[in-house]
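# Coordinate analysis (summary)
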Amino acid sequence: MKNLQTYSIIKMNKITFLLAILGLTSLLSCENTLIEEPDYSVDASKVFSTEERAQLALQGALSQLEDGFWTNQGYHQLISCAGGFLYRPGSGHITEYNNFIFKDNQAWPENVWNSNYNAIYSLNVIIKYFEDNNPDFTTLSLGYQKVLGTAYFLRGYEYFKLVRLWGEIPMPLAPAIGITHTPLSSEATVYTAVINDFEQAKILLPSGSGIPSKYSGPLKSAADAFLAKVYATQAGWYNMPQLWEKAKIHADLAINSKNYMLLPNIATLHSPAGRNSEEAIFEMQANYSSNLNNLSQAYNPQGLEVDIFGGYIRVQPWMWTQQLGDNLYSDFTKSTSTGKITSVRDHDPRVDITYIDSTLTKIDGSSSSIYPRAKWTSGCYFYVAKYLDPNRTSSASIRNWKVLRYADILLLRAEIENEITGPANAFKYVNEVLDRARSNGKGTYPLSWDITKIPTKEDFRKKIAWERMYELIGEGHEFFEARRRGKDFLVNEFISVHNNFNDPVLAPAYRTKETGDEIMHLVIPLSESSNNNSID
């Protein structure tokens, strides 16, 4: 598409314009190339002439993330198996994702790529209009500032997601549709832009009351929370230890804002009543009128709530044995001859709250055995229980996606402190999360962490990586959590557990996760690399 001079929304016709500004460009059937000579334009100033209209444009862009299949349920299906902690049954390219084999002709990465870039293009419409027509953002009304701040926030989130998935990527910052012929930006350049977007969001978004309250949109402290994650990701993934201090600054700002709290009851947190709770920092909204963002269908097994196929995303069996075979999380006995768990007397209550395991009871009264009760040589799995919805329809659910919540930032702050000063001053942050978990059970497990249990920085680094998955599994982090401490950590701490798992003795094809350098990122889709004239 020709660069916009007055930042009118230029499309082929009025219908195309309206779809684009409402964030529905994914419904278009235009050619996957640029429109060099458009024959219709509408002045964007009319779209942003009132706060209400600007909010509508923002909601249109946001709806692409909240209601789109490949920005929501389909995205979860891809990163679950490509992350390693979860599994997606299937054959062909699905087997490749499960085994960390990434290619440029795989369908799901291409769909995720296109859908997320469409959302970015819609956000660029909003951002470029205000950048060119109101460069002094302080003169905008609070309503306009919130719209623009949210647009920056969402674009920062999108590019943060894409750079971790693909590494070097095109980074168009202007409105467009289809291939933009934008050259690849280095990962460092993308991270700089992500930081700039979140910093702009921080200036423009509301501060919050300093009292934990129901989530109603991102705040300044949410931008700080993401900035902490951005700096920590760079510090760990790229071995840039100087960035831990910057991560600390922003994590502390998010925590000290007092805008968030841990919800005391974990079962409530992961129930419909936990929508938009005081723990939410950024949450994607779901509703019963859209069937594309149905995470309940993605995670909940068929027959549990409705008799329609589901449960696409399942938990690797070694996640159960890893958590319950750790004496900080469980009172267990292992066989002296096989090393397998033979009994569990007490354990982290998150296992019961987070998972559907052992027996699956369906709405028709029938039941079936799943892991760890059922074990098959071809594979055995159980399910995430974070998206249960008793009122779910055959096509829709009201279960939100908790993209970022306070427990995540507390665990991140513990990790940051360990990297800077060692474990002694880091325990208090992780223990807040563990204390909450323990209060939801018999009051013993998980044990609090201290210097006698976790004496070294290296011990803490390994433990916190697993604790993050025990707390956050099924919330869209798996691909990133597996990789953000670098390839060696991924191979030695996670893939080795998978490939050496022997309870049950699984088929050899199960233990085939790749370990080469190419496992760190997806491959840019062929449709982009072959049509983008700026990519060699």
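Going by the structure above, here's the rest.
Residues numbered from 1 in each chain as written. Predicted model: local features only at pLDDT ≥ 70, side-chain atom pairs only at ≥ 80, totals over all residues. Heavy atoms only, no water.

A word on the overall build of the protein chain. Each helix and strand in the protein chain was counted, giving 20 helices and 14 strands. For the protein chain, with 536 residues in total, the buried portion stands at 60%. Counting only contacts in the protein chain whose residues sit at least 6 apart along the sequence, the fraction spanning at least 24 positions is 72%. Accessible area of the protein chain: about 20,000 Å², with a carbon and sulfur share of 51%. (Helix = DSSP H or I, 4+ residues; strand = E, 2+ residues; numbered from the N terminus. Buried < 20%, exposed > 50% of the residue type's maximum accessible area, 1.4 Å probe, protein only. Contact = heavy atoms within 4.5 Å. Areas by Shrake-Rupley, 256 points an atom, 1.4 Å probe, with all protein chains shown as cover.)

A full pass over the atoms with the stated rule returns 43 aromatic pairs. Centroid distance Tyr129 to Phe130: 5.3 Å. Interplanar angle 80°. Geometry classified as edge-to-face. Through a chain of ring-to-ring contacts, three or more aromatic side chains come together here, namely Phe85, Trp318, Tyr329, Trp466, Tyr470, Phe489 and Phe494. Over the ring of Phe100 we find Arg483, and its NZ or CZ is 4.7 Å from the ring centre. The positively charged end of Arg483 is found above the aromatic ring belonging to Phe479, 3.8 Å away from the centroid. (Phe/Tyr/Trp six-rings, centres within 6.5 Å; stacked < 30°, edge-to-face > 60°. Lys NZ or Arg CZ within 6 Å of the ring centre and 35° of its normal.)

Over its 13 residues, helix H19 (residues 487-499) extends only 16 Å from the first C-alpha to the last, a length that falls short of the 18 Å expected when each residue adds 1.5 Å. Largest kink in H19: about 25°, centred on Glu493. Where H19 is buried, its residues contact helix H13 (317-324), helix H17 (457-472) and helix H18 (478-483). (Expected span 1.5 Å × (residues − 1). Bend = angle between axes of the 7 residues up to and from the residue.)

Turning our eyes to something else, we now look at the nonpolar core. As a rule of thumb, soluble globular proteins bury nonpolar side chains together. Core analysis: the largest hydrophobic core is formed by 151 residues, its most contacted members being Phe48, Phe153, Phe282, Met319 and Trp449. Top contributing element to this core by residue count: helix H7 (residues 142-166), with 14 residues. (Core = buried A, V, L, I, M, F, W, Y, C linked by side-chain atoms within 4.5 Å.)

This paragraph deals with the pattern of salt bridges. In this structure the tally under the stated criterion is 32 salt bridges. Between Glu158 and Lys161 there is a salt bridge; the shortest N-O distance is 2.8 Å. With a gap of three residues between them, Glu158 and Lys161 both fall in helix H7, about one helical turn apart. Accessibility classification places Glu158 together with Lys161 in one group, the buried group. (Salt bridge = Lys/Arg side-chain N within 4 Å of Asp/Glu carboxyl O.)

Further remarks concern the pairing of strand E9 (residues 341-347). As paired elements, strand E8 (residues 330-334) and E9 share five bridges and run antiparallel to each other. Across the sheet, residue Asp331 finds its bridge partner in E9, namely Asp346. Taking the residues that link successive antiparallel strands as the turn, the E8-E9 hairpin has six residues, and the phi of Gly339 there is positive, at about 75°. (Pairing = 2+ DSSP bridges.)

A word on unusual backbone geometry. Of note, the amide linkage connecting Tyr371 to Pro372 takes the cis form, showing an omega dihedral of 5°. Along the chain, Pro372 falls in the loop between strand E12 (367-369) and strand E13 (383-384). Omega for the bond connecting Tyr445 with Pro446 falls within 30 degrees of zero, at 0°, which places this linkage in the cis form. Following the sequence through the fold, Pro446 ends up in the loop between helix H16 (427-439) and H17. At His181, a position not held by glycine, the phi torsion is positive, near 55°. In this fold, His181 is placed in the loop between strand E4 (169-170) and strand E5 (184-185). Owing to a relative accessible area of 24%, His181 belongs among the partly exposed residues under this scheme. Positioned with a positive phi, Asn276 is a non-glycine residue whose angle comes to about 55°.

For the rest of this paragraph, the subject is H17. Across its 16 residues, H17 extends 22 Å between first and last C-alpha, which sits within 8% of the 22 Å expected from 1.5 Å per residue. Residues of H17 that are buried include every one of Phe460, Arg461, Ile464, Ala465, Trp466, Glu467, Arg468, Met469, Tyr470, Glu471 and Leu472, and no others. Note on H17: the residue one or two positions beyond its end, Gly474, has a positive phi of about 85°.

This paragraph deals with the packing of helix H3 (residues 51-67) against H7. One can describe the packing of H3 onto H7 by two numbers: an axis separation of 9 Å at closest approach and a directional angle of 15°. Classed by the angle they form, the pair H3 and H7 counts as roughly parallel. Regarding H3 and H7, the two cross each other, and that crossing is left-handed. Counting all contacts with H3, which are made through Glu51, Ala54, Gln55, Leu58, Leu62 and Leu65, the residues of H7 involved are Gly143, Tyr144, Val147, Thr150, Ala151, Leu154 and Glu158. Across the contact of H3 with H7, the residue classes tally to eight nonpolar, three polar and two charged. (Axes fitted to C-alpha atoms, helices over the stretch in contact; angles between N-to-C directions. Parallel < 35°, antiparallel > 145°, perpendicular 65-115°, else oblique. Left-handed = near helix turned anticlockwise from the far one by under 90°. Nonpolar A, V, L, I, M, F, W, Y, C, P; charged D, E, K, R; others polar.)

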